[in-house]
Amino acid sequence: MKPSIRFAVMVFAFTLIIPAAASAMNVKFFLGQVSLIRSGKTLPVKVGDIVGNGDIIKTGKSSMVELSLDENSTITVQAESTIQIGSKNLKDSDGISVVSGEVKGKFGKLKKGEYKIGSPTTVCGVRGTEFDVAVSKGGDTYVVLNEGSLAVRNPYKSVDLKEGSSLEADVASEPVSGKIKVKSDAWENMRNDNIEEGLDDRADKYERYMDMFEGDASEDAEEIKSLREETKKSKTKEDLEKSGEKIAEADSELEDSMMMNEASINNMTSLSDEFKASGASARFKSAVKKGNAVLQQQIKNREAIDKVKAEYKEAYDRIMKKFQDDKSKIFRDLDEFKKKQQEGQQ
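Residues numbered from 1 in each chain as written. Predicted model: local features only at pLDDT ≥ 70, side-chain atom pairs only at ≥ 80, totals over all residues. Heavy atoms only, no water.

Visitor: I keep staring at the overall build of the protein chain and nothing clicks. Help me out?
Guide: Within the protein chain one finds five helices and 16 strands. Counting over 346 residues, the protein chain shows a buried share of 45%. Across the protein chain, the fraction of contacts at a sequence separation of at least 24, relative to all contacts at a separation of at least 6, is 61%. Of the roughly 18,200 Å² of accessible surface on the protein chain, 49% is carried by carbon and sulfur atoms. (Helix = DSSP H or I, 4+ residues; strand = E, 2+ residues; numbered from the N terminus. Buried < 20%, exposed > 50% of the residue type's maximum accessible area, 1.4 Å probe, protein only. Contact = heavy atoms within 4.5 Å. Areas by Shrake-Rupley, 256 points an atom, 1.4 Å probe, with all protein chains shown as cover.)

What follows is the structure, given as structure tokens:
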């Protein structure tokens, strides 16, 4: 099992039986030009606004917005950035996906679970830390960890960042981590300065990246079928524990893949729109089309794993009832044995 999802496995059974509600996020403060796009409509932003599933926030030049998850956790969206709150394809999702630009996060220790910050190429599992996430116009990601620890997941590799470390994850590439050498805003500016010169190379990378997601989605579909059969056959608490670990791993990885794919689709759409005159624009549109097809398969996989979760709960109730019945029978037999012993001594 990957170290990055061990925490999810530990709490899986509990959260499956008693699902955790998504946390409400609200606008704490904003400055300059900030727009909220909800169901395709652009709305004015006001302090106190609650933002949620599928909402997109865009900041203009010299602008920013601070979002509050709770009294100890905030996310600051920097100028000229685009983020998405949760996903309309993930029920009760409340994580943030950085499509482009930069966010700064400061999180107190969470009571349970983790908060997810995604990008086209990473998902950060946050449980209490201070960090920056920058995404270039081309979709590459740079993570800076200022305080605490951070689990960073990527389709090619997972990394547990330590305080004072950074990580670069380019599209269709394995992430590279090391000591902090440059601030996140400087990194973003450097990457964006040369974006137009490498559009064809960027299209190549995104095409490979979408091919990888396509293959993973097909493999996930087969794995979920196997998990369903295994869950149905569970007869003991040990069987249930093994099934629960596998379901937790598949569930977490599927959510991560959906977050990265959706962020990639939004990033490629922006590239296609901004560089319409380039020959690479059509290639980005084609990659977006494939990404959307993959997303449909991922949604089907999500529906399938939700069914497996329901069957897991049924198996849990059945097995635990049998366990309690067996336990009660043992105590009854013990009481009967003691009673007979006492009668024999009289």
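Visitor: Where do I start with the packing of aromatic side chains in this structure?
Guide: The relation between two aromatic rings is expressed through the spacing of the ring centres and the mutual angle of the planes. Across all of its chains, the model carries five aromatic pairs by this definition. A centroid spacing of 5.4 Å and a plane angle of 35° characterise the contact between Phe107 and Tyr115, whose relative ring orientation is tilted. With respect to class, Phe107 is no different from Tyr115; both count as buried. Aromatic ring contacts, followed pair by pair, group Phe107, Tyr115 and Phe131 into a single cluster. (Phe/Tyr/Trp six-rings, centres within 6.5 Å; stacked < 30°, edge-to-face > 60°.)

Visitor: Mind showing me how you'd approach the side chain of Thr141 here?
Guide: Counting through the fold element by element, Thr141 comes out in strand β13 (residues 141-153). At 2.7 Å, the side chain of Thr141 forms a polar contact with the side chain of Thr121. With sequence-adjacent residues up to four places away left out, Thr141 is seen in contact with Ser119, Pro120, Thr121, Thr122, Val133, Ala134, Val135, Leu167, Glu168, Ala169 and Trp187. (Polar contact = N/O pair within 3.5 Å; in protein donor to acceptor, adjacent residues only side chain to side chain.)

Visitor: Help me out: how do you make sense of the pairing of strand β16 (residues 176-179) in this one?
Guide: Note on strand geometry: in a regular strand, side chains alternate between the two faces of the sheet. Here strand β15 (residues 165-169) runs beside β16; their pairing, made up of four bridges, is antiparallel. Pairing of Ser166 across the sheet is with Gly178, part of β16. The turn linking β15 back onto β16 is made up of six residues, and Ala172 within it adopts a positive phi angle of 60°. (Pairing = 2+ DSSP bridges.)

Visitor: Can you help me understand the side chain of Ser93 in this one?
Guide: For Ser93, the location among the structural elements is in the loop between β8 (82-85) and β9 (96-107). Residue class for Ser93 comes out buried when judged on its relative accessible area of 10%. Within the local environment of Ser93, its side chain forms a polar contact with the backbone nitrogen of Ser87, the two atoms lying 2.8 Å apart. Among the polar contacts listed, one links the side chain of Ser93 to the backbone oxygen of Leu90, at a separation of 2.9 Å. Residue contacts for Ser93: discarding those within four places in its chain leaves Asn53, Gly86 and Ser87.

Visitor: Please explain the pairing of β13 as it appears in this structure.
Guide: With three bridges joining them, strand β11 (residues 123-126) and β13 adopt antiparallel strand pairing. Bridge pairing links Val123 to Arg153 in β13. Direction of pairing for strand β12 (residues 129-135) relative to β13: antiparallel, over a ladder of seven bridges. Among the inter-strand pairings, Val135 is bridged to a residue of β13, identified as Thr141. Hairpin remark: β12 followed by β13, antiparallel, with five residues in the connecting loop; positive phi at Gly139, about 95°. Alignment of β13 against β15, held across four bridges, turns out to be antiparallel.

Visitor: It is not clear to me how the nonpolar core should be interpreted in this structure. Could you clarify?
Guide: By size, the foremost hydrophobic cluster in this structure holds 38 residues, and its most contacted members are Tyr206, Tyr209, Met210, Phe213, Met268 and Phe284. At the level of secondary structure, the elements contributing two or more residues to this core comprise α3 (199-232), α4 (237-274) and α5 (280-345). The element contributing the most residues to this core is α5, with 12 residues. Aside from chain neighbours lying at most four places away, what touches Phe213 is Pro155, Ser257, Met260, Asn261, Val294 and Gln298. The next biggest cluster of nonpolar side chains, apart from the first, holds 34 residues, and it includes Leu36, Ile75, Val103 and Val135. (Core = buried A, V, L, I, M, F, W, Y, C linked by side-chain atoms within 4.5 Å.)

Visitor: How should the packing of α3 against α4 be read in this particular structure?
Guide: Helix packing for two helices is described by the angle between their axes and how far apart those axes are. Between α3 and α4, the least distance of the axes is 10 Å, while the angle of their chain directions is 155°. Taken as axis vectors, α3 and α4 run roughly antiparallel relative to one another. Read as a crossing pair, α3 and α4 show a hand that is left-handed. The residue makeup of the contact of α3 with α4, split by class, is 11 nonpolar, six polar and six charged. (Axes fitted to C-alpha atoms, helices over the stretch in contact; angles between N-to-C directions. Parallel < 35°, antiparallel > 145°, perpendicular 65-115°, else oblique. Left-handed = near helix turned anticlockwise from the far one by under 90°. Nonpolar A, V, L, I, M, F, W, Y, C, P; charged D, E, K, R; others polar.)

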